[in-house]
Amino acid sequence: MLKKFRANQRHARLMNIATDLILGRDADAPTTDEFIALAFGRYELRITEDEAFDYLNAGLVHHGRKPRPTPQATV
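Values in this document were obtained by computation on a predicted structure and should not be read as measured data.

(A) Local environment of the overall build of the chain. In terms of helices and strands, the chain carries three helices and zero strands. Written out in order from the N terminus, the α and β elements of the chain read α-α-α. By principal-axis analysis of the C-alpha atoms, the chain measures approximately 35 × 35 × 20 Å. Residues classed as buried in the chain amount to 27% of the 75 residues present.

The structure is reproduced here in structure tokens:
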């Protein structure tokens with residue numbers, strides 16, 4: 001039960017960060033680096049770049065904006 005509570009709390013915190021970053025911008029989407037830095041600075045959460053990308057896209061869609069395209073893997 002505690003594990004689910006912590007997972008829900010983490011998700012809510014990361015979505016709040018996405019909202020704060022998105023609503024603070026007019027047209028350009030925030031970067032994953034900004035998201036990662038704010039997640040650590042505000043809540044001491046260490047997240048991957050992929051996770052930051054997913055949360056930013058979820059926040060963009062939630063606020064009626066287009067999601068960013070998935071970055072193509074380079075060889």
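There's more to say after this.
(B) Broad picture of unusual backbone geometry. Its identity as a non-glycine residue notwithstanding, Glu44 has a phi of 60°, on the positive side. In this structure, Glu44 sits in the loop between α2 (32–43) and α3 (49–62). Judged by relative accessible area, which is 66%, Glu44 ranks as exposed.

(C) Local environment of helix α1 (residues 2–23). With 22 residues, α1 extends 31 Å from end C-alpha to end C-alpha; this agrees with the ideal 32 Å at 1.5 Å per step. Among the residues making up α1, those that are buried are Leu14, Met15, Ile17, Ala18, Leu21 and Ile22. Taken down its axis, α1 places every buried residue within 150° of arc, on the same side. For α1, the exposed residues set more than 90 degrees away from the buried face come down to Phe5, Arg6 and Leu23. At its buried positions, α1 is contacted by α2 and α3.

(D) Structural context of the pattern of salt bridges. On inspection of all chains with the given rule, the structure shows two salt bridges. With a shortest N-O distance of 2.6 Å, Glu51 and Arg10 are connected by a salt bridge. Pair noted here: Glu51 is in helix α3 and Arg10 is in helix α1, with a separation of 41 residues, a long-range link. Among the residues examined, Arg10 registers a relative accessible area of 27% and is labelled partly exposed.

Definitions and limits used
- Residues numbered from 1 in each chain as written.
- Predicted model: local features only at pLDDT ≥ 70, side-chain atom pairs only at ≥ 80, totals over all residues.
- Heavy atoms only, no water.
- Helix = DSSP H or I, 4+ residues; strand = E, 2+ residues; numbered from the N terminus.
- Buried < 20%, exposed > 50% of the residue type's maximum accessible area, 1.4 Å probe, protein only.
- Expected span 1.5 Å × (residues − 1).
- Arc of directions from axis to C-beta.
- Contact = heavy atoms within 4.5 Å.
- Salt bridge = Lys/Arg side-chain N within 4 Å of Asp/Glu carboxyl O.

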